[in-house]
Amino acid sequence: MKKTILAANWKMYLDGDASIDFVKKINSNEESFFKSEVILFPSHTCINQVQKNLGTENIKIGMQDCDINTEGAYTGAVSLHSLSDIDFCIVGHSERRLLYNESDEVVKDKLETVTNNNVSAILCIGETKEQKNDGNTFKVIDRQLSILPKDAINGLTIAYEPVWSIGSGELPSNEYIEDVLSYVKNKLKSLYSDEIVEKTNLLYGGSVDKDSINRLLDVKLIDGFLIGSASADFESFKAIAEKLN
Ligand code: PEP
């Protein structure tokens, strides 16, 4: 049976010691995560320590973001090549789009860098509250997906994260999520073969925690979850994983 993806976006929540402490707890509670495919996204500076301390190969590691360039004179930027054994990279998270002014063009270039370097991309899409209230959700989703290349991307995951739900405790209804994910699926079908569409995982992200997960699990099109704050607290992350058992 396909496992449910639990992608843990730790943002800037955990420092080095806290990240190591977290993975040590995963090591000693491995059975709680058997039903999930866990991907941890630590801060860049903590990735090496997390990899060293992780006692299982079942858990994958990713970068929360990367630079478009992989080498050269780019002060302060982090190259995909500077970290080894990275399985995933998040591209186009709304915090990057909104706080760091990343345009669709930048997101497109990053997606290209990630896929050209054999790393699996998690492309984040989602509308703001204002866009939702103006009835523009599908227009926004369509624009954000228009950066997808004509050539199929292997290992692509798309995370639908309504910006208004991130960190707010406010959740869309299951029907709303279902409608958006169907739209995404149809868009993918217009671009790629059935086989590729089948392999493209769809995640939901936004205020997922041990309580909201109960009803979100009823959304058939969801292959997994991108989780922020609730993923940075070991007990709450474990409680979410155990709901899948
Ligand atoms: C996120 O930022 O990707 C996210 C889903 O955050 P939270 O779970 O805290 O809403």
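Only a predicted model underlies this, so the values are computations on that prediction, with no experimental measurement involved.

Enquirer: Hey, could you run me through the site of the ligand in this one?
Expert: Of all residues adjacent to the ligand, which total 15 residues, the nearest are Lys 11, Glu 161, Gly 167, Ser 207 and Gly 228. The backbone of Ser 207 places a nitrogen or oxygen atom 2.8 Å from an oxygen atom of the ligand. Ser 229 places a polar main-chain atom, nitrogen or oxygen, 3.0 Å from an oxygen atom of the ligand. Surface burial for the ligand is 98%, taken as the share of its 300 Å² of free accessible area covered by protein chains. For the shell around the ligand, a count of residues per class yields three nonpolar, nine polar and three charged.

Enquirer: Would you take a moment to explain a nonpolar patch on the surface for this structure?
Expert: Among the surface-exposed residues, Leu 98, Leu 99 and Tyr 100 lie close enough to one another that they form a single nonpolar patch of about 350 Å² accessible area. Mapped onto the fold, Leu 99 is located in helix H3 (residues 94-99).

Enquirer: Can you walk me through the packing of helix H6 (residues 137-145) against helix H7 (residues 174-191) in this structure?
Expert: Geometry of a packed helix pair, given as the angle between the helix axes and the separation of the axes. At a minimum axis separation of 11 Å, H6 and H7 run at an interaxial angle of 35°. Between H6 and H7 the crossing geometry is right-handed. Within the contact between the two elements, H6 uses Thr 137, Phe 138, Ile 141, Asp 142 and Leu 145 and H7 uses Tyr 176, Asp 179, Val 180, Tyr 183, Val 184 and Lys 187. Class assignment of the residues belonging to the contact of H6 with H7 gives a composition of seven nonpolar, one polar and three charged.

Parameters and conventions
- Residues numbered from 1 in each chain as written.
- Predicted model: local features only at pLDDT ≥ 70, side-chain atom pairs only at ≥ 80, totals over all residues.
- Heavy atoms only, no water.
- Near = heavy atom within 4 Å.
- Polar contact = N/O pair within 3.5 Å; in protein donor to acceptor, adjacent residues only side chain to side chain.
- Areas by Shrake-Rupley, 256 points an atom, 1.4 Å probe, with all protein chains shown as cover.
- Nonpolar A, V, L, I, M, F, W, Y, C, P; charged D, E, K, R; others polar.
- Patch = residues over 30% accessible without salt bridge, like charges linked within 9 Å, V, L, I, M, F, W, Y side chains within 5 Å.
- Salt bridge = Lys/Arg side-chain N within 4 Å of Asp/Glu carboxyl O.
- Helix = DSSP H or I, 4+ residues; strand = E, 2+ residues; numbered from the N terminus.
- Axes fitted to C-alpha atoms, helices over the stretch in contact; angles between N-to-C directions.
- Left-handed = near helix turned anticlockwise from the far one by under 90°.
- Contact = heavy atoms within 4.5 Å.

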